[in-house]
Amino acid sequence: MKHYLSGGLRNGANLLKDWLIIVRWCGWLPIAAGVLAGYALPPLGWPWLMWIALLPLWRFGPGGGALWGAAAVLVSHRWLLALHPLTWLGVPAVLSLPLVVLLLLICAAAAALLVAMWCGLVQRLGPRHLYSACFAALLWGLMEVLLAKGPLFWLGLGAVALPGDRPLAGLAAFGGAGFVAAVQLIISWLLWRQAWPLLLFVVLAAHGFGAAALAFNSDVDSSQKLQLEVVQPALPTREKFNWEMQQRQRYLLGDAIREAEADGSAAVVLPEGALPEGAQPNSKNVAVISGGFRRDGIEDRSSLLWFPAGNQKPKSWLDKHRLVPIGEWVPGGEWLQWSGLSAVGGLQPGSGSRLLDLPNPIGPVAGIICYELADGASIAAATREGAEWLLAVANLDPYPLQLQQQFLALAQLRAIETSKWLLSVANTGPTAAVDPSGLVINRLKADKSKIATMKIWRNKNISIYSRYGEKPIYIFLCVSAIGIWRNKSNQLLG
């Protein structure tokens, strides 16, 4: 009896020890690694931290992957909490904070599900095989590109190299953000497998090719200079439609028009949503490009509006295609009549094309309205269709500086991908010019009302990524799948 009890106690102690190891490995480690990943993303932008954070994913099952994904999003997207209070959108005060927290939790849950599925696939394929690792890494990168076309994705591993490691981000000129994401995962796999010579080769090669791409982008023929007068109003979003704020914006626009005339600028550029529906810029000698609202039949659109000099109505426009959940688009709103939930929640999306073909000296431009900056594939398609520079307009108030810095990092990535100059004009920032190598040339101080002259250059260059998009990723994905199949066949025959 005594032997039986002692044996039972030993077995119980061993079971408890094993359980504690499992809890430590599958509980705290994935959460800690996910938190590290969230901090490694912009605004920090340190890919070497991300490699460490990704390392344990190759051992996690779905449970650990879910914890990792949720923790990473809760840290990297914590700026969503700044949406509270939502009372100015018509949301009752008692529902404001729960709704904002719910939105953040939905994003975290979506990330948890996706990473859990990815980890489950990795374990099924066998994480120790190179073909399996390549297939899983490329699949992750491709999924980031596809998710960017939907409503819930903002940034992922494809953006982690900025602003801390611009040479590594240069790889985006070859394969876009999806390829950069895949490289991060391959590096983390080599680190996990302790394949030191191959790891060193891959890291050096990635930086070498990336630096070469940045050097090529810097040497692109950009002979067509474009000078623009930009307005950063810094108006509180919760108040910007009241009479006093609108008067202030009109004064700023008038001052910008006068400065543009004096400086010889081709146009005045205002941020997203600067002009209410039917507003007139009253500019006789200078063109105006502004974010604003327009009505198309019975539908309301958020748009990028082009007013030629002397025109009181827009001559051309580009409607926002990728709408922000809750703020601009409410799930099921068209059927459930939820338009009263938000002051702008009834907006409708426009065409998916981001090309706005304007006359000289402005020229064809890829127009990007706020949240659309996450969708690099659509922006690259616009440059393939003829866009010679990129214009991103946004209103990032009331979000904190963290989101502005993430926005700027994505702007740098889009410039590198397309080999184009990018001008960002935002209500509270970032208002900046970015060259084709991702270098921020000129930036206004955040959250300050300012009018400034920005100079960029147009070019007709088509980057490798703009020309071929994700086709190389699909090819490598198929090659990896064939390698996995052959390995499985050899194992069965063996």
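See the structure printed just above.
As the structure is a prediction and not an experimental result, all values here were calculated from the model.

(A) Here's a closer look at the sheet that holds strand β1 (residues 224-232). Spatially, six strands are ordered β5-β4-β3-β2-β1-β12 in an open sheet, and the strand pairing comes out mixed. Where the open sheet ends on each side, the last strands, each with one partner, are β5 (316-319) and β12 (450-458). Neighbour-to-neighbour, the strand axes of this sheet turn through a mean angle of 30°, independent of strand direction. With three bridges joining them, β1 and strand β2 (residues 267-275) adopt parallel strand pairing. What sits directly across from Val-230, in β2, is Val-269. Along the sheet face, helix α9 (residues 243-263) touches β1, β2 and β12 and points at about 165° away from the line of β2.

(B) Representation of the packing of aromatic side chains. Under the defined criterion, the tally for this structure stands at nine aromatic pairs. Summarising the aromatic geometry, the rings of Trp-118 and Trp-140 are spaced 5.0 Å apart at their centres and angled 85° between planes, so their arrangement reads as edge-to-face. Here Trp-118, found in helix α4 (residues 93-125), pairs with Trp-140, found in helix α5 (residues 130-147); they are 22 residues apart in sequence, far enough to count as distant. By relative accessible area, Trp-118 is classed as buried at 7%. Measuring from centroid to centroid gives 5.9 Å for Trp-154 and Tyr-371, while their planes differ by 5°, and the two rings are stacked. Of this pair, Trp-154 sits in the loop between α5 and α6 (166-169) while Tyr-371 sits in the loop between β7 (365-369) and α11 (376-384); the two residues are 217 residues apart in sequence, bridging distant segments of the chain. Under the relative-accessibility criterion, Tyr-371 is labelled buried at 10%. Every member of this aromatic cluster is reached through a ring pair, and the members are Trp-79, Trp-154, Tyr-371, Tyr-399 and Phe-407. Sitting above the plane of the Trp-192 ring, Arg-193 keeps its charged end 5.9 Å from the centroid.

(C) Local environment of a nonpolar patch on the surface. A surface patch of nonpolar side chains, about 620 Å² in accessible area, is lined by Leu-113, Leu-114, Met-117, Met-143, Leu-146, Leu-147 and Tyr-474. Counting only elements with at least two residues in the nonpolar patch, the list comes to α4 and α5. As for its position among the elements, Met-143 is in helix α5. The exposure class assigned to Met-143 is partly exposed, which follows from its relative accessible area of 32%.

Quick notes on the rules
- Residues numbered from 1 in each chain as written.
- Predicted model: local features only at pLDDT ≥ 70, side-chain atom pairs only at ≥ 80, totals over all residues.
- Heavy atoms only, no water.
- Pairing = 2+ DSSP bridges.
- Helix = DSSP H or I, 4+ residues; strand = E, 2+ residues; numbered from the N terminus.
- Axes fitted to C-alpha atoms, helices over the stretch in contact; angles between N-to-C directions.
- Contact = heavy atoms within 4.5 Å.
- Phe/Tyr/Trp six-rings, centres within 6.5 Å; stacked < 30°, edge-to-face > 60°.
- Buried < 20%, exposed > 50% of the residue type's maximum accessible area, 1.4 Å probe, protein only.
- Lys NZ or Arg CZ within 6 Å of the ring centre and 35° of its normal.
- Patch = residues over 30% accessible without salt bridge, like charges linked within 9 Å, V, L, I, M, F, W, Y side chains within 5 Å.
- Areas by Shrake-Rupley, 256 points an atom, 1.4 Å probe, with all protein chains shown as cover.
- Salt bridge = Lys/Arg side-chain N within 4 Å of Asp/Glu carboxyl O.

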